[in-house]
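Observations on chain architecture
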Amino acid sequence: MLQYSKQSLTIFIFFGLLLAACTDDKRPLPDVSDIEAPLTILRFEQDLFSLDTIDFANSIAGLATKYPEFAELFSTSILEAGSLSNMSPEQLDYFRGFVTSPVYRAVYDTTQMIFPDLTDTEKELQQALRYFRYYFPEIEAPQRLITFNSAFNYASIIFGENDLGASLDMFLGPNFDYQKYSPGAAIFSNYLVRTYNKDHLTASLLRVLLDDVFGSAPGTRLLDEMVHRGKKLYVLEQLLPETTDTVIFRTTATQQEWLVENERNLWSHFLTEDLLYNSRFQDIRKLIEPSPNGSPVLPEDSPGESANYVGYQIVKQFMERHPEIPLSDLLVYQDAQEILEQSRYKPSRK
């Protein structure tokens with residue numbers, strides 16, 4: 001099992017600065033103090049960039065012994081250098097080139113300055129995993145996090161037996177000049193780069209975990225997508241109850257304020273433009289995926305993924321009307337129309 005946030009496809013890491021206040025009216029926090037959340041963190045990037053590049057073949061073999069699954073995954077799927085078990089001299093040179101590259105060694109040095117240790121991340125992630133174990137007792141919670149550098153190709157991944165991985169070079173913060181590494185590249189657009197910081201690391205890891213738990217939307221209509229994504233946002237909020245809305249909803253403070261003030265207008269827009277049951281991806285893409293703005297017909301200050309915020313509100317009202325439903329049962333409710341109807345969703349007036 002490998003799921004990932006590859007930047008050329010969909011982005012799961014990006015999420016504005018911690019500026020807005022937390023969402024109000026969350027469910028009462030359960031006491032999870034007696035729930036264990038064992039978590040081992042391994043710094044693969046440190047071991048990788050410490051390899052003996054003279055005797056590289058034997059060094060790689062040692063790395064594969066320490067990371068029997070991840071080293072192979074890194075070589076084949078992340079670095080795309082080929083399998084470690086039968087690597088040709090050319091592939092070995094390619095792998096060595098990554099480790100010895102002045103560019104990527106400089107990036108590695110930056111990651112070590114920004115992440116000399118992961119104490120804060122470990123604490124935050126462990127607490128989130130306690131909530132996860134409380135809400136989803138039947139699902140195996142991750143117990144291992146491996147960090148690495150991916151040359152800006154990946155952000156967070158889930159692989160193997162629910163192991164998590166974080167590419168630290170995608171969380172280097174506002175002072176790191178991503179644009180200089182590939183000017184004009186879509187993944188380094190301002191609306192994405194502003195979220196590439198350590199404040200979003202834990203949320204990024206939990207997003208890929210929830211993507212794995214919830215799978216794909218059961219339909220292709222805007223309603224299906226927005227409710228499905230709204231469920232994941234609602235659960236993410238329960239796992240990170242102290243985290244600000246700008247992280248949960250991947251917005252700036254201004255964009256979050258816009259969403260709150262325009263929820264009713266958004267809903268009206270979906271209805272009047274016949275978008276709610278529209279399955280044309282090109283018509284709804286900006287409404288459900290990261291984007292500089294909501295759509296060409298919405299105001300310029302409307303954020304991408306605005307439909308997901310409305311989907312979250314629908315799920316929230318559904319859960320408020322059914323306090324007897326455990327959070328894990330959101331996996332069972334697959335009919336977005338049923339959730340909408342039972343929620344009796346009514347956007348608030350601002």
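**Comments concerning the overall build of the protein chain**
When helices and strands are tallied, the protein chain shows 14 helices and five strands. Over its C-alpha atoms the protein chain spans a radius of gyration of 21 Å, differing by no more than 12% from the 20 Å that the globule rule assigns to 350 residues. C-alpha atoms of the protein chain, sized along the principal axes, occupy 65 × 50 × 35 Å. Taken across its 350 residues, the protein chain has 55% of its residues classed as buried. When contacts within the protein chain are restricted to residue pairs at least 6 apart in sequence, those whose partners lie at least 24 apart make up 70%. About 15500 Å² of surface is accessible on the protein chain, with carbon and sulfur atoms providing 48% of the total.

**What about the packing of helix α6 (residues 119-135) against helix α8 (residues 201-214)?**
Running from N to C, α6 and α8 cross one another at 30 degrees; their axes reach a closest spacing of 9 Å. As far as their axial angle goes, α8 and α6 are roughly parallel. Regarding α6 and α8, the two cross each other, and that crossing is right-handed. Here α6 contributes Thr-121, Glu-124, Leu-125, Ala-128, Leu-129 and Phe-132 to the contact with α8, which in turn contributes Leu-201, Thr-202, Leu-205, Leu-206, Leu-209, Leu-210 and Val-213. Among the residues forming the contact of α6 with α8, the class breakdown is ten nonpolar, two polar and one charged.

**Here's the deal with helix α4 (residues 89-100)**
An ideal rise of 1.5 Å per residue puts 16 Å on twelve residues; α4 measures up with 16 Å between its terminal C-alpha atoms. At its buried positions, α4 is contacted by α1 (44-48), α2 (56-66), α3 (70-78) and α5 (102-114).

**So, the nonpolar core**
When a protein is soluble and globular, its nonpolar side chains tend to lie buried together. Among the nonpolar cores identified, the biggest contains 80 residues, and Met-226 and Phe-270 are the most heavily contacted of them. Apart from residues lying up to four places away in sequence, Met-226 is in contact with Trp-267, Phe-270, Leu-276, Ala-307, Asn-308, Val-310, Gly-311, Tyr-312 and Ile-314. Core analysis: the second largest hydrophobic core is formed by 28 residues, Tyr-67, Leu-92, Val-99 and Ile-146 among them.

**Focus: the pattern of salt bridges**
Counted under the stated rule, the structure contains nine salt bridges. Arg-280 is the partner of Asp-283 in a salt bridge, and the nearest nitrogen-oxygen pair spans 2.8 Å.

**So, the packing of aromatic side chains**
Applying the stated criterion across every chain yields a total of 29 aromatic pairs. Relative to Phe-70, the ring of Phe-44 lies with its centre 4.8 Å away and its plane at 80 degrees, an arrangement referred to as edge-to-face. Placement of the pair is Phe-44 in helix α1 and Phe-70 in helix α3, with a sequence separation of 26 residues. Across the pair, exposure class does not vary: Phe-44 and Phe-70 are buried alike. Ring geometry for Phe-74 against Phe-98: centres 6.1 Å apart, planes inclined by 55 degrees, an arrangement best described as tilted. Taken together, the residues Phe-74 in helix α3 and Phe-98 in helix α4 connect sequence positions 24 residues apart. A relative accessible area of 0% means that Phe-74 is categorised as buried. The buried category is assigned to Phe-98, whose relative accessible area is 6%. Taken together through their ring pairs, the aromatic side chains of Phe-44, Phe-49, Phe-56, Tyr-67, Phe-70, Phe-74, Phe-95, Phe-98, Tyr-104, Tyr-108, Phe-148 and Phe-159 make up a single cluster. The aromatic ring of Phe-115 is capped on one face by Lys-198, whose charged end is 5.3 Å from the ring centroid.

**Quick notes on the side chain of Ser-150**
Relative to the helices and strands, Ser-150 resides in the loop between β3 (144-148) and β4 (154-159). Here Ser-150 falls in the buried class, since its relative accessible area comes to 2%. When residues no more than four places from it in sequence are discounted, the contact partners of Ser-150 are Ile-78, Ser-167 and Asp-169.

**Here's the deal with α5**
Taking 1.5 Å of rise per residue, the 13 residues of α5 would be expected to cover 18 Å, and the 18 Å separating its terminal C-alpha atoms lies within 8% of that figure. For α5, every residue scored as buried is listed here: Val-107, Tyr-108, Thr-110, Thr-111 and Gln-112. Next to the buried residues of α5 lie β2 (40-43) and α1.

**Things to note about unusual backbone geometry**
Notably, Ala-151 is not glycine yet its phi reads approximately 60 degrees, a positive angle. The phi dihedral of Arg-250 falls on the positive side, at around 55 degrees, and the residue is not glycine. Its place among the elements puts Arg-250 in the loop between α10 (245-248) and α11 (253-272).

**Some remarks on the environment of Tyr-312**
Along the polypeptide, Tyr-312 turns up in helix α13 (residues 306-321). When the C-alpha positions of Tyr-312 and Arg-229 are compared, they lie 7.3 Å apart, and in sequence the two are 83 residues distant.

**As for the confidence of the model for the protein chain**
The predicted coordinates ought not to be read in detail in places where the model reports low pLDDT. For the protein chain, the average pLDDT comes to 90, and 92% of its residues sit at 70 or higher. Per-residue pLDDT stays below 50 along residues 1-24; that stretch engages in 106 contacts with residues further than four places along the chain or on separate chains.

**Some details on a negative patch on the surface**
A cluster of acidic residues, Asp-117, Asp-120, Glu-124 and Asp-199, forms a negative patch on the protein surface. Here Glu-124 shows up in helix α6. Judged by relative accessible area, Glu-124 falls into the partly exposed class, the value being 31%.

Conventions we followed
Residues numbered from 1 in each chain as written. Predicted model: local features only at pLDDT ≥ 70, side-chain atom pairs only at ≥ 80, totals over all residues. Heavy atoms only, no water. Helix = DSSP H or I, 4+ residues; strand = E, 2+ residues; numbered from the N terminus. Rg over C-alpha atoms; globule rule 2.2 N^0.38 Å. Buried < 20%, exposed > 50% of the residue type's maximum accessible area, 1.4 Å probe, protein only. Contact = heavy atoms within 4.5 Å. Areas by Shrake-Rupley, 256 points an atom, 1.4 Å probe, with all protein chains shown as cover. Axes fitted to C-alpha atoms, helices over the stretch in contact; angles between N-to-C directions. Parallel < 35°, antiparallel > 145°, perpendicular 65-115°, else oblique. Left-handed = near helix turned anticlockwise from the far one by under 90°. Nonpolar A, V, L, I, M, F, W, Y, C, P; charged D, E, K, R; others polar. Expected span 1.5 Å × (residues − 1). Core = buried A, V, L, I, M, F, W, Y, C linked by side-chain atoms within 4.5 Å. Salt bridge = Lys/Arg side-chain N within 4 Å of Asp/Glu carboxyl O. Phe/Tyr/Trp six-rings, centres within 6.5 Å; stacked < 30°, edge-to-face > 60°. Lys NZ or Arg CZ within 6 Å of the ring centre and 35° of its normal. pLDDT = per-residue confidence, 0-100. Patch = residues over 30% accessible without salt bridge, like charges linked within 9 Å, V, L, I, M, F, W, Y side chains within 5 Å. Lys, Arg positive; Asp, Glu negative; His and termini not counted. Charge placed at Lys NZ, Arg CZ, Asp CG, Glu CD.

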